[in-house]
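# Close look at the chain arrangement
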Amino acid sequence: MRKTVLFALLCLSGLTQAAQMPVAALPGGVLVYKHVQSLRERKFSDIVEQKTDFSCGAAALATILRQAYWLDVDEEHIIKGMLVTADQDLVRTQGFSMLDMKRYIERIGMRARGYRIPPERLEAVTIPVVVLMEIRGYKHFVVLQRADKNWVYIGDPVLGHKRYSHDDFVKGWNGIIFAIVGPGYDKTNALRSPPEPLTAKNKMDNFNPVKDAELMDFGFIQSDFF
């Protein structure tokens, strides 16, 4: 009995890391090996994980630039890039701002736009964008991957993939989206198809990227946040 319990515990502990699982799928009990994604890998799939207390903005930018534009950047690279023009004393106490992010994006030859949009238009945002949320009293940059009539899907640099109801998301959101526009956008990027909860069925998601003019047509008002 003890051996059985120990074996079960070892199997469960193995779920925290990627593994090759043997499956008896061939005649005669011959084993084939199937790659198994760990729970942590699934949680942070396609998301750059935040490594420092003040770098949620850098990690959110890195997530979008890597996945949607295939740029070879990471959190550390973007932190160094933003520190070139940022107030370093302010960063130590408050973290990076959207203005720091905007300056960095423009320095690498892309455009950054801030838009204030009404909650009922979240479904119209068809590219991954950075948003600022207040979570348990802390202001925190995350990636808004997509929204539908019931849910808002978030790539959180600390918590991984999260799903909020519209009402819960709006309670913590400041009403502004930070959109990155530039050449090389991948319309099929993984951020637009976040993993569903393990008990839900995956859904196909077809979309077209939104342009600045289209955002204005949707009734978005360009923010004076910067």
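Residues numbered from 1 in each chain as written. Predicted model: local features only at pLDDT ≥ 70, side-chain atom pairs only at ≥ 80, totals over all residues. Heavy atoms only, no water.

### Regarding the overall build of the protein
Put simply, the rule is: Only DSSP runs of H or I covering at least 4 residues are called helices, and only runs of E covering at least 2 are called strands; the numbering of each starts at the N terminus. Any residue under 20% of the maximum accessible area for its type is buried, any over 50% is exposed, and the rest in between are partly exposed; the area is computed with a 1.4 Å probe on protein chains only. Working rule for contacts: check all heavy atoms of both residues, and any pair within 4.5 Å makes them a contact. Surface exposure here means Shrake-Rupley accessible area, sampled with a 1.4 Å probe, where a residue is shielded only by the protein chains that are shown.
Of regular secondary structure, the protein possesses eight helices and nine strands. Looking at the protein residue by residue over its 226 residues, the buried ones come to 42%. Taking as baseline every contact in the protein between residues at least 6 positions apart, the subset at least 24 positions apart corresponds to 60%. Roughly 13,500 Å² of accessible area belongs to the protein as shown, and the carbon and sulfur atoms make up 55% of that amount.

### Description of the pairing of strand S8 (residues 173-181)
Sheet faces and side chains relate simply in a regular strand, where the side chains alternate between the two faces. Filter applied, for reference: Here a strand pair is declared whenever DSSP counts at least two bridges between the two strands.
Counting buried positions over the nine residues of S8 gives seven, a clear majority of the element. Note that strand S3 (residues 111-116) and S8 share six bridges and pair antiparallel. Looking across to S8, one finds that Arg113 is bridged to Ala179. In terms of strand pairing, strand S4 (residues 129-135) meets S8 through three bridges, oriented antiparallel. Across the sheet, Met133 pairs through a bridge with Trp173, a residue of S8.

### Describing unusual backbone geometry
We note that Asp46 has phi near 70 degrees; this positive angle belongs to a residue other than glycine. If you trace the backbone, Asp46 turns up in the loop between helix H2 (39-43) and helix H3 (56-69). Asp46 gets classed as partly exposed once you look at its relative accessible area, which sits at 32%. At Trp70, a position not held by glycine, the phi torsion is positive, near 55 degrees. With respect to the helices and strands, Trp70 occurs in the loop between H3 and helix H4 (75-83). Given the relative accessible area of 63%, Trp70 is considered exposed.

### Describing the packing of aromatic side chains
Heads up, the rule is: Here is the rule: rings of Phe, Tyr and Trp (six-membered ring for Trp) pair when centre to centre is within 6.5 Å. Planes less than 30 degrees apart are stacked, more than 60 are edge-to-face, and the remainder are tilted. We count a charge as sitting over a ring when the NZ of a lysine or the CZ of an arginine lies within 6 Å of the ring centre and within 35 degrees of the ring normal.
Taken as a whole and assessed by the stated rule, the structure comprises three aromatic pairs. Stacked on the ring of Tyr153, the Lys or Arg Arg146 has its end atom at 4.5 Å from the ring centre. For the cation-ring pair, Arg163 lies above Trp151, with the distance from its terminal atom to the ring centre recorded as 3.6 Å.

### Let's talk about the packing of H3 against H4
Definition in use: Between N-to-C directions, angles cover 0 to 180 degrees, with each direction set by a line fitted to C-alpha atoms, over the stretch in contact for helices. By definition, turning the near helix anticlockwise from the far helix through less than a right angle yields a left-handed crossing, and turning it clockwise yields a right-handed one. Classes in brief: Ala, Val, Leu, Ile, Met, Phe, Trp, Tyr, Cys and Pro nonpolar; Asp, Glu, Lys and Arg charged; the others, Gly included, polar.
Contact geometry of H3 with H4 gives a least axis separation of 8 Å together with a crossing angle of 120 degrees. Where H3 crosses over H4, the two elements pack in a sense that is right-handed. Here Ala58, Ala59, Leu61, Ala62 and Leu65 of H3 lie close against H4, whose contacting residues are Glu75, Ile78, Ile79 and Met82. Each residue belonging to the contact of H3 with H4 can be placed in one class, and the counts come to eight nonpolar, no polar and one charged.

### Some points on the confidence of the model for the protein
Do not read the fine detail of predicted coordinates wherever pLDDT is low. We apply this condition: The pLDDT value expresses, per residue, how confident the predictor is, ranging between 0 and 100.
Residues of the protein with pLDDT of at least 70 account for 68%, and the chain-wide mean is 79. Summarising per-element confidence for the protein, the mean pLDDT is lowest in helix H1 (residues 2-13) (42) and highest in H3 (96). Ignoring residues within four places in sequence, the model shows residues 200-208, a span with pLDDT below 50, making 12 contacts including any to other chains.

### Focus on the pattern of salt bridges
As a reminder, the rule being used: In what follows, salt bridge is the name for a side-chain nitrogen of Lys or Arg lying within 4 Å of a carboxyl oxygen of Asp or Glu.
Per the counting criterion, the structure on display carries seven salt bridges. Across the pair Lys102 and Glu106 runs a salt bridge, and its minimum N-O distance is 2.8 Å. Residue Lys102 and its partner Glu106 are both found in helix H6 (residues 98-107); the two are separated by four residues, about one turn of the helix. Here Lys102 falls in the buried class, since its relative accessible area comes to 17%. What makes Glu106 partly exposed here is its relative accessible area of 39%. With a closest N to O distance of 3.2 Å, Glu134 and Lys139 form a salt bridge. Looking at Lys139, the relative accessible area reads 60%, which means it is exposed.

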